[in-house]
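# Coordinate analysis (summary)
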Amino acid sequence: MPLLVNDKSLECIVGCNEREVKPSGLDLNAVYPHFKESSTQLFSKSPQKCQLAGVLYVCQREYAVTTPQDTVVDVIGSEDATTCHVAVLRHTGCGVTGLAHFDGCSTSQGVTDLISRVRDLSQSSKEGRLELHLVGGFSDDQKHSEKLSKELLCEFHRQASPVHLKTACITDVNTIVKDNANWPRLYGIGVNVKSGEIFPAIFEDKGPDQALRGLRNFIGDQDMLNVYNDETGELRIGPFSYQKWPHAALILAQPDAFIRKNLSTSPEVEPPYFENHVRQALTFYLQNPDPAKTVFPQQRSHVYKRNAEGRWEAAGKK
């Protein structure tokens, strides 16, 4: 079944049968101007500062799915999307909600797994449909965002399950001009899993293992990783492997300007803490060059459960 807009097949996707999707002028908003109107409504909302309790943060190249009955998670969200895109998929009948942070790696696998997990949790619902919201990217010079926008649209278009595209706040629509340069207007969003409300979001705490999860984006495997078990209320990280980073110590010794220029797809628009996060990942790697020995011994995941203060607390390795 195709990706649907206003109950009709999306008309403006070209080249979706190609093995590699290349940007060739994304005319989505020219064909469907109401996407720009819905994006304006999203822009008009003040960003919510998401606190610890009830928040499940999804990092780059991760996804999570849960139900409205979840007693641990109220909000799923993600931030720091420059050329990346955040996808929210919700079943309107039972409210099962998934959120994924796509960076261009394993897009097909991520879309397939996200849909599969949402459908698995909504099997008992006799009414409703799958609705999709896409946010992220901007009009960058290298067209990384445009390529990812098109990849995501094409991958959802290829799926067997019908999916209704409700929000497309992506690439050119999510662009604002500052000092004669293009910037993303929204870097992060959250979704309330009880009500389905989507809103601009800022996250004060992004959960455990940030250095490890950040390192995975540079030298780790490229699969989209499901990080949440809705049945147990557990956040699970790994196990996964990562490659050698021969010049990690040398890169760590370089000034911030070098790190920003060489380790980002969009160095001009990265948040101010970008370099610090990269340094944390580099330091983690230097301390743990062999993840099978010191990070995931015996291929055990890092498992966390929410404590009384709302923080994710280590629950052992499984």
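Here, the structure is the one placed above.
Residues numbered from 1 in each chain as written. Predicted model: local features only at pLDDT ≥ 70, side-chain atom pairs only at ≥ 80, totals over all residues. Heavy atoms only, no water.

So, about the packing of helix H3 (residues 107–121) against helix H4 (residues 144–158). Orientation of H3 relative to H4, taken along the N-to-C sense of each, is 45°, at an axis distance of 9 Å. Compared by their axis directions, H3 and H4 come out oblique. Crossing handedness for the pair H3 and H4: right-handed. Residues Thr 107, Ser 108, Val 111, Leu 114 and Ile 115 of H3 form the contact with H4, whose participating residues are Leu 148, Glu 151, Leu 152, Glu 155 and Phe 156. Class assignment for the residues of the contact of H3 with H4 results in six nonpolar, two polar and two charged. (Axes fitted to C-alpha atoms, helices over the stretch in contact; angles between N-to-C directions. Helix = DSSP H or I, 4+ residues; strand = E, 2+ residues; numbered from the N terminus. Parallel < 35°, antiparallel > 145°, perpendicular 65-115°, else oblique. Left-handed = near helix turned anticlockwise from the far one by under 90°. Contact = heavy atoms within 4.5 Å. Nonpolar A, V, L, I, M, F, W, Y, C, P; charged D, E, K, R; others polar.)

As a further point, take the sheet that holds strand S5 (residues 62–66). The eight strands are arranged S2-S1-S10-S9-S7-S8-S5-S15 in an open sheet whose pairing can be described as mixed. Whereas interior strands pair on both sides, the edge strands pair on one side only; in this sheet they are strand S2 (8–9) and strand S15 (225–226). Most of the contacts of helix H2 (residues 34–43) go to strand S10 (residues 163–170), to which it runs at about 65°, and overall it touches strand S1 (3–5), strand S9 (130–136) and S10. (Pairing = 2+ DSSP bridges.)

Paired through their backbone hydrogen bonds, the strands of a sheet run either parallel or antiparallel. Within the open sheet, the five strands sit side by side as S3-S14-S13-S6-S4. Their pairing is mixed. Every interior strand has two partners, whereas the edge strands, strand S3 (48–50) and strand S4 (55–57), have only one. Neighbouring strand axes in the sheet, compared pairwise and without regard to direction, differ in orientation by 40° on average. Two strands pair when backbone bridges link them, and S3 and strand S14 (residues 198–203) are joined in this way by three bridges, in the parallel orientation. Across the sheet, the residue bridging to Gln 48 is Ala 201, located in S14.

For the rest of this paragraph, the subject is the nonpolar core. Leu 56, Ile 76, Leu 212, Leu 215, Tyr 242 and Trp 245 are the most contacted members of the largest nonpolar core, which totals 45 residues. Among the secondary structure elements, those contributing two or more residues to this core are H2, strand S7 (85–91), strand S13 (189–192), helix H5 (210–219), strand S17 (234–237), helix H6 (248–252) and helix H8 (274–287). Of all the elements, H8 adds the most residues to this core, at six residues. When sequence neighbours within four positions are dropped, the list of residues in contact with Trp 245 reads Leu 215, Phe 218, Ile 219, Ile 251, Leu 263, Leu 282 and Tyr 285. Formed by 29 residues, the second largest nonpolar core is a distinct cluster that contains Leu 10, Val 96, Leu 114 and Leu 132. (Core = buried A, V, L, I, M, F, W, Y, C linked by side-chain atoms within 4.5 Å. Buried < 20%, exposed > 50% of the residue type's maximum accessible area, 1.4 Å probe, protein only.)

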